[in-house]
Amino acid sequence: MVRPGMHPREFVSLLMEHELFADAIRFLAYALPKREAVWWGWVCARRAAGESPAPAIGAALKAAEGWISQPTEEKRRAAMAAAQSAGFGTAAGCVALAAFFSGGSIAPPDAPVIPPGEYLTAKAVGGSVLMAAVAREPEKATERFKNFVAQGLDVTQRIKLWDKQQG
């Protein structure tokens, strides 16, 4: 569907017109810088969690938020512990996992460094946003997909992601 010279926003719009929501979400997750992508995933996961999330879900959201506000090694590792508790099959668990995959080492602290794969953060953010859209009231998923993609596009505009590259 992508054509030479097509602006990324135009590509996302085309995906949305064809209701290829998962593709649009994944594209945005890969396009955004890691910290901004995790923030976008966190906002979506937070909305999916509702007003009173289960303790493990709330802890995963809090850990991801902590890393977003201060992306330190300590907070990155805390996000992994919270992700494991929440479960990788949850939007909150995936967004905390995305924070963990943002850099550093995926090995235990006392083991030799094993850097995370370059795209692991994007994969986890994409999974988080997709799960957030269908977690509650799946019959409203289409509306959530549209809202979440619009929010992701808003992030690209706020950071002037594509204004710097022009296409």
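The structure under discussion appears in the preceding block.
Here is a short report on the structure shown in this document. (Residues numbered from 1 in each chain as written. Predicted model: local features only at pLDDT ≥ 70, side-chain atom pairs only at ≥ 80, totals over all residues. Heavy atoms only, no water.)

Notes on the overall build of the protein
Of regular secondary structure, the protein possesses nine helices and zero strands. For the protein, the α and β elements follow one another from N to C terminus as α-α-α-α-α-α-α-α-α. The C-alpha radius of gyration computed for the protein amounts to 16 Å, which stays within 12% of the reference 15 Å derived for 167 residues, consistent with globular compactness. Taken along the three principal axes of its C-alpha coordinates, the protein extends 45 × 35 × 25 Å. Per-residue burial over the protein gives 46% buried out of 167 residues. (Helix = DSSP H or I, 4+ residues; strand = E, 2+ residues; numbered from the N terminus. Rg over C-alpha atoms; globule rule 2.2 N^0.38 Å. Buried < 20%, exposed > 50% of the residue type's maximum accessible area, 1.4 Å probe, protein only.)

Some remarks on the packing of aromatic side chains
The tally for this structure, following the rule as stated, stands at five aromatic pairs. With a centroid separation of 5.1 Å and 75° between ring planes, the pair formed by Phe11 and Phe27 is classed as edge-to-face. You can see Phe11 sitting in helix H1 (residues 8-17) and its partner Phe27 sitting in helix H2 (residues 21-31), a full 16 residues away along the chain. Judged by relative accessible area, Phe11 falls into the buried class, the value being 14%. Relative to Phe101, the ring of Phe100 has its centre 5.8 Å away and its plane inclined at 50°; by these criteria the two rings are tilted. No difference in accessibility class separates Phe100 from Phe101, as the two residues are buried. (Phe/Tyr/Trp six-rings, centres within 6.5 Å; stacked < 30°, edge-to-face > 60°.)

Some points on the packing of helix H3 (residues 34-49) against helix H4 (residues 55-69)
Relative orientation of the contacting elements H3 and H4 amounts to 155°, with a least axis distance of 10 Å. Judged on the interaxial angle alone, H4 and H3 are roughly antiparallel. Helix-helix and strand crossings are classified by hand; for H3 and H4 the assignment is left-handed. From H3, Arg35, Val38, Trp39, Trp42, Ala45, Arg46 and Ala49 reach across to H4, where they touch Ile57, Leu61, Ala64, Glu65, Trp67, Ile68 and Ser69. A per-class count over the contact of H3 with H4 returns 10 nonpolar, one polar and three charged. (Axes fitted to C-alpha atoms, helices over the stretch in contact; angles between N-to-C directions. Parallel < 35°, antiparallel > 145°, perpendicular 65-115°, else oblique. Left-handed = near helix turned anticlockwise from the far one by under 90°. Contact = heavy atoms within 4.5 Å. Nonpolar A, V, L, I, M, F, W, Y, C, P; charged D, E, K, R; others polar.)

Quick look at the side chain of Arg76
Structurally, Arg76 can be placed in helix H5 (residues 73-86). Looking at Arg76, its side chain comes within polar contact range of the main-chain oxygen of Gly103, at 3.0 Å. Excluding anything up to four places from it in sequence, Arg76 contacts Trp67, Ala99, Phe100, Ser102, Gly103, Gly104 and Ser105. (Polar contact = N/O pair within 3.5 Å; in protein donor to acceptor, adjacent residues only side chain to side chain.)

Examining unusual backbone geometry
The backbone of Glu19 shows a phi angle near 55°, a positive value even though the residue is not glycine. Looking at the secondary structure, you find Glu19 in the loop between H1 and H2. The phi angle at Glu137 is positive, at roughly 45°, despite the residue not being glycine. Mapped onto the elements, Glu137 comes out in the loop between helix H7 (120-134) and helix H8 (141-158). Of the residues examined, Glu137 reaches a relative accessible area of 38% and is grouped as partly exposed.

Here we look at the pattern of salt bridges
A side chain with one charge can pair with a side chain of the opposite charge if their charged atoms come near. Inspection of every chain in the model, using the stated rule, returns eight salt bridges. Between Arg9 and Asp163 there is a salt bridge, with the nearest N and O atoms lying 3.7 Å from each other. Placement of Arg9 in helix H1 and of Asp163 in helix H9 (residues 161-165) is noted, with a sequence separation of 154 residues between them. By relative accessible area, Arg9 is classed as partly exposed at 21%. The partly exposed category is assigned to Asp163, whose relative accessible area is 39%. Its salt-bridge partner being Asp154, residue Arg158 comes within 2.6 Å of it at the nearest N-O pair. Within this pair, Arg158 and its partner Asp154 are both found in helix H8, separated by four residues, close to a single helical turn. Accessibility expressed as a relative area gives 65% for Arg158, which makes it exposed. When salt bridges that share partners are traced, they join Glu73, Arg76 and Arg77 into one network. (Salt bridge = Lys/Arg side-chain N within 4 Å of Asp/Glu carboxyl O.)

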